[in-house]
Amino acid sequence: LWESSTVSGTAGFSSASGVNTIANYNPGTGSVSTWYRRTVSSSSCPVSISPAVLITVNPLPVVSFPSTTHVSCYGGTNGATAATVTVGASPYTYLWTDKTGSVTPGISNLTAGNYSVTVTDSRSCSSVATVTISQPAAALSLTSTSNATCDNASIGSIDLQVSGGTSGYSYSWDNGAIMEDITGLAAGSYAVTVTDANGCTALHSANILNYSSPAAPSASATQQFCASASPTVSQLVASGTTVQWYD
């Protein structure tokens, strides 16, 4: 009869799992180190116990990535990570399968994506672990709507729309303004730099157009019509653009 113990080579023995009454016992796959011994008994002889044999099960390396930097700007390459091993027998070797075969614990200059490393300890036990490098969902994007001015007056405005990046935006207009939308503008071109919470920037420019007011219509102060023509206001003669008479 084969017996096993996870306590020591002299105590804690009980019947081993599986088929344990054959001479060549196969303990199968184990998860912890275990002692095995064989007991032989007969009706006429005392029990014979073999010396305990220890089968050592070495733990696999446990890999984590506590030091990971995600990509700050959409499409950027400033991601970085490093594998930390907390279980296993040092020294360790590293092989990154997604970073041109790097063999160092840390890798950098990463785009967004998944990166896997195989860590092997001094007992040749290996573990594969994967880390995900993320990035903002969309690139920082700027659009605007402009309202024109008339007769060179400073009444134009620009309504800026910001999307993407990481919220927490700051604004720097080339006229010194630091708010999102600007008003009281004369005709001309205006540029803005928007910076998000991660330090990503985007540039945008908008034009304020100037329109001249139409010239006032002109007409003779005295115009004569025959009484038989039943004259109306619409028959008065005037020059100008889109003239509208009021009586």
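The structure we're discussing is the one just above.
Residues numbered from 1 in each chain as written. Predicted model: local features only at pLDDT ≥ 70, side-chain atom pairs only at ≥ 80, totals over all residues. Heavy atoms only, no water.

Draft legend 1. Summary view of the environment of A202. Of note, A202 is situated in strand β18 (residues 201-208). Through-space distance from the C-alpha of A202 to that of S141 is 6.9 Å; in sequence the pair is 61 residues apart. Contact partners of A202, with chain neighbours within four places excluded, come to L140, L142, V192, T193 and V194. (Helix = DSSP H or I, 4+ residues; strand = E, 2+ residues; numbered from the N terminus. Contact = heavy atoms within 4.5 Å.)

Draft legend 2. Up close: the packing of aromatic side chains. The tally for this structure, following the rule as stated, stands at three aromatic pairs. Ring centres 6.1 Å apart and planes at 50 degrees place the aromatic pair F65 and W96 in the tilted group. Of this pair, F65 sits in strand β6 (residues 62-69) while W96 sits in strand β8 (residues 93-96), and the two are 31 residues apart along the sequence. Of the two residues, F65 and W96, neither departs from the other in class, the shared state being buried. (Phe/Tyr/Trp six-rings, centres within 6.5 Å; stacked < 30°, edge-to-face > 60°. Buried < 20%, exposed > 50% of the residue type's maximum accessible area, 1.4 Å probe, protein only.)

Draft legend 3. Region of interest: the sheet that holds strand β14 (residues 156-163). The sheet built from three strands is open, its strands ordered β12-β14-β16 with antiparallel pairing. Looking at strand neighbours, the two that pair on one side only are β12 (141-147) and β16 (182-185), the edges of this open sheet. The average angle at which neighbouring strand axes cross in this sheet is 20 degrees, direction not considered. Here β14 runs beside β16; their pairing, made up of two bridges, is antiparallel. Residue pairing for β16: I158 is matched across the bridge by I182. (Pairing = 2+ DSSP bridges. Axes fitted to C-alpha atoms, helices over the stretch in contact; angles between N-to-C directions.)

Draft legend 4. View of the pattern of salt bridges. By the definition in use, this model includes one salt bridge. Notably, a salt bridge pairs R37 with E3, separated by 2.8 Å at the nearest N-O pair. Remark: E3 occurs in strand β1 (residues 2-5) and R37 occurs in strand β3 (residues 34-40); sequence separation between them is 34 residues. We classify E3 as buried; its relative accessible area is 14%. (Salt bridge = Lys/Arg side-chain N within 4 Å of Asp/Glu carboxyl O.)

Draft legend 5. Broad picture of the sheet that holds β8. The sheet built from three strands is open, its strands ordered β8-β10-β11 with antiparallel pairing. Pairing within the sheet leaves two strands with one partner each, and these edge strands are β8 and β11 (126-133). Averaged over all pairs of adjacent strands, the angle between their axes in this sheet comes to 25 degrees, without regard to strand direction. Here strand β10 (residues 113-120) pairs with β11 via eight bridges, running antiparallel. Directly across from T120, in β11, lies its bridge partner S126.

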